[in-house]
Amino acid sequence: MKIRVGLGFDVHELKSGTPLHLGGILIPSDLGAVGHSDADVLIHALCDAILGAAGMRDIGHHFSNKDDRWRNADSKIFLREVMAMISSKGWKVENADCTLVLESPKINPHIDQMKAALAPILGISESDISIKATTNEGLGYVGRREGINATSVVLLSSK
Ligand code: MG
């Protein structure tokens, strides 16, 4: 059995009057994330971690932000596509560990629902997904609530 680790990172701008999609669910928030798709920064980082582990480029390579098919797209579509791509190369996900960095809203009450949304797509149990959140201590673009970022690490094994 071969194993491969992958790292993903993503950033999105925050603005009022737009929804905040994180980890495949809608989070009540005064500010939402701006992007070509639904701007789910956690799923985008997860996709990049999976693609990175499989040596299959990155999310922007496969789902161009110039492509109208992906305008306002549910990012779970990207994750399903990424899973199909790596599965066709003989890989499966073992576990995923993700960190969101944002000042507010509090993410803790939503983590179980995010795991429930992501686990069936990743083909793993909710106990194999870790989602953590931290603030940026008021510093920089995250501290000013101008943006949000996410990092993800994923382990793949060959089937
Ligand atoms: Mg993104």
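Thresholds applied
Residues numbered from 1 in each chain as written. Predicted model: local features only at pLDDT ≥ 70, side-chain atom pairs only at ≥ 80, totals over all residues. Heavy atoms only, no water. Helix = DSSP H or I, 4+ residues; strand = E, 2+ residues; numbered from the N terminus. Rg over C-alpha atoms; globule rule 2.2 N^0.38 Å. Areas by Shrake-Rupley, 256 points an atom, 1.4 Å probe, with all protein chains shown as cover. Lys, Arg positive; Asp, Glu negative; His and termini not counted. Charge placed at Lys NZ, Arg CZ, Asp CG, Glu CD. Pairing = 2+ DSSP bridges. Axes fitted to C-alpha atoms, helices over the stretch in contact; angles between N-to-C directions. Contact = heavy atoms within 4.5 Å. Parallel < 35°, antiparallel > 145°, perpendicular 65-115°, else oblique. Left-handed = near helix turned anticlockwise from the far one by under 90°. Nonpolar A, V, L, I, M, F, W, Y, C, P; charged D, E, K, R; others polar. Salt bridge = Lys/Arg side-chain N within 4 Å of Asp/Glu carboxyl O. Buried < 20%, exposed > 50% of the residue type's maximum accessible area, 1.4 Å probe, protein only. Phe/Tyr/Trp six-rings, centres within 6.5 Å; stacked < 30°, edge-to-face > 60°. Donors = N, O, S within 2.8 Å, 3.2 Å for Na, K, Ca; no water.

Draft legend 1. Highlighting the overall build of the protein. When its secondary structure is counted, the protein shows five helices and seven strands. Moving toward the C terminus, one meets the helices and strands of the protein in the order β-β-β-β-α-α-α-β-α-β-α-β. Taking 159 residues into account, the globule formula puts the C-alpha radius of gyration at 15 Å, and the protein, at 15 Å, falls close to it. In terms of principal-axis extent, the alpha carbons of the protein reach across some 45 × 35 × 25 Å. Of the roughly 7,800 Å² of accessible surface on the protein, a fraction of 51% belongs to carbon and sulfur atoms. The averaged location of the 19 negative side-chain charges in the protein is 6 Å from the averaged location of its 17 positive side-chain charges.

Draft legend 2. Up close: the sheet that holds strand S7 (residues 147–158). On the basis of which strands lie adjacent, the open sheet formed by five strands has the order S4-S1-S7-S5-S6 and mixed pairing. One side of each edge strand has no neighbouring strand; the edge strands of this open sheet are strand S4 (31–34) and strand S6 (129–134). Put simply, the sheet's adjacent strands are angled 30° from each other on average, direction ignored. Sheet analysis places strand S5 (residues 91–101) next to S6, joined by six bridges and oriented parallel. Bridge assignment links Leu100 to a residue of S6, and that residue is Ala133. Packed onto the sheet, helix H1 (residues 41–54) meets strand S1 (3–16), S5, S6 and S7 and runs at close to 155° relative to S1. Along the sheet face, helix H4 (residues 111–122) touches S5 and S6 and points at about 140° away from the line of S6.

Draft legend 3. Molecular detail of the packing of helix H3 (residues 75–88) against H4. Axis separation between H3 and H4 bottoms out at 9 Å; the angle between their running directions is 30°. The orientation of H3 with respect to H4, classified from their angle, is roughly parallel. Pair H3 / H4 crosses with right-handed handedness. Contact residues: Lys76, Leu79, Arg80 and Met83 in H3; Leu118, Ile121 and Leu122 in H4. Each residue belonging to the contact of H3 with H4 can be placed in one class, and the counts come to five nonpolar, no polar and two charged.

Draft legend 4. Structural context of the pattern of salt bridges. In total, this model carries eight salt bridges according to the counting rule given. As a salt-bridge pair, Asp67 and Arg69 come within 2.8 Å of each other at their nearest N and O atoms. Glu94 is the partner of Lys92 in a salt bridge, and the nearest nitrogen-oxygen pair spans 2.9 Å. The exposure class of Lys92 is partly exposed, given its relative accessible area of 37%.

Draft legend 5. Broad picture of the packing of aromatic side chains. Summed over all chains, the structure comprises three aromatic pairs. An angle of 80° between the planes, with centres 5.3 Å apart, marks the rings of Phe63 and Trp70 as edge-to-face. The pair Phe63 / Trp70 is uniform in exposure class, with both members buried. Relative to Phe78, the ring of Trp70 has its centre 5.4 Å away and its plane inclined at 80°; by these criteria the two rings are edge-to-face. Joined through ring pairs, the aromatic side chains of Phe63, Trp70 and Phe78 make up one cluster.

Draft legend 6. Broad picture of the coordination of the magnesium ion. Within the protein, Asp10 (OD), His12 (NE2) and His44 (ND1) serve as the donor atoms for the magnesium ion, at 2.1 to 2.3 Å. Residue classification places Asp10 among the buried residues on the basis of a relative accessible area of 17%. Residue His12 is classed as buried on the basis of its relative accessible area, which comes to 12%.

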